[in-house]
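# A look at the structure
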Amino acid sequence: MSGMQQGLTIIVAVQEPARFHAALSLATANAALDRPTRIFLQADAVAPLRPPVTAPDDARYAAAGLPSLGTMLTEALGLGVQITACQSGLALACMAATDLPPGVEVSGLVDMLRSDSQLLLV
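Report follows, based on the coordinates. (Residues numbered from 1 in each chain as written. Predicted model: local features only at pLDDT ≥ 70, side-chain atom pairs only at ≥ 80, totals over all residues. Heavy atoms only, no water.)

Take the side chain of Asp58 next. Note that Asp58 resides in helix α2 (residues 58-63). Buried charge without a partner: Asp58 forms no salt bridge, and the closest opposite charge is Arg60, 9.5 Å away. Only 3.0 Å separates the side chain of Asp58 from the backbone nitrogen of Leu69, close enough to count as a polar contact. Apart from residues lying up to four places away in sequence, Asp58 is in contact with Ser68 and Leu69. (Helix = DSSP H or I, 4+ residues; strand = E, 2+ residues; numbered from the N terminus. Buried < 20%, exposed > 50% of the residue type's maximum accessible area, 1.4 Å probe, protein only. Lys, Arg positive; Asp, Glu negative; His and termini not counted. Salt bridge = Lys/Arg side-chain N within 4 Å of Asp/Glu carboxyl O. Polar contact = N/O pair within 3.5 Å; in protein donor to acceptor, adjacent residues only side chain to side chain. Contact = heavy atoms within 4.5 Å.)

Here it is in structure tokens:
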């Protein structure tokens, strides 16, 4: 067995900022352990990436000393988490790849499934 650790791919399949926040929390924790980590935003889950990246609960999170959705996105990217928006999701959100925050990639389901990483649906 090689020294490489199996990666983790977190799939967000619904347009709920709380789920995206949870995915970012899981991803940053996994990446902090030096493990390959990806988040794939499928279909309607792409919409929260529309700048500015905010969530209705950002103020509540801040009051509890927790980072906002936008801050979590920045932290995840900074830790090397690969964040990918589904091509179909971009079309559903009426967005173009140029509308995405810097560092967010665009791909499809087939490319996402080519990896041998563990899949987690949130």
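Another aspect to go through is the environment of Gln15. Here Gln15 is to be found in the loop between β1 (8-12) and α1 (17-32). Its relative accessible area of 47% is what places Gln15 among the partly exposed residues. Between the alpha carbons of Gln15 and Ala45 there is a distance of 4.1 Å; along the sequence they are 30 residues apart. Apart from the residues lying within four places of it in its own chain, the contact partners of Gln15 are Asp44, Ala45, Ala47 and Pro48.

All of the buried residues along helix α3 (residues 69-78) are Leu69, Gly70, Met72, Leu73 and Ala76. Seen along its axis, α3 keeps its buried residues to an arc of 160°; they face one direction. Turned more than 90 degrees away from the buried face of α3 sit Thr74 and Gly78, all of them exposed. Buried residues along α3 sit in contact with α1, α2 and β3 (82-86). Phi turns positive, to about 90°, at Gly80, one or two residues after α3. (Arc of directions from axis to C-beta.)

This part is about the environment of Val12. Its location among the elements puts Val12 in strand β1. You can call Val12 buried: its relative accessible area is 1%. In the structure, Val12 is positioned 10 residues away from Ala22 in sequence and 9.5 Å away in space, judged by C-alpha atoms. Setting aside residues no more than four positions away along its own chain, Val12 makes contact with Arg19, Phe20, Ala23, Ile39, Phe40, Leu41, Gln42, Ala45 and Val122.

On to the state of the cysteines. According to the stated counting rule, one finds 0 disulfides in the structure shown. Of the cysteine sulfurs around Cys86, a residue in no disulfide, the closest is that of Cys94, at 14 Å. Relative accessible area serves as the criterion here: at 67%, Cys94 is assigned to the exposed category. (Disulfide = S-S within 2.5 Å.)

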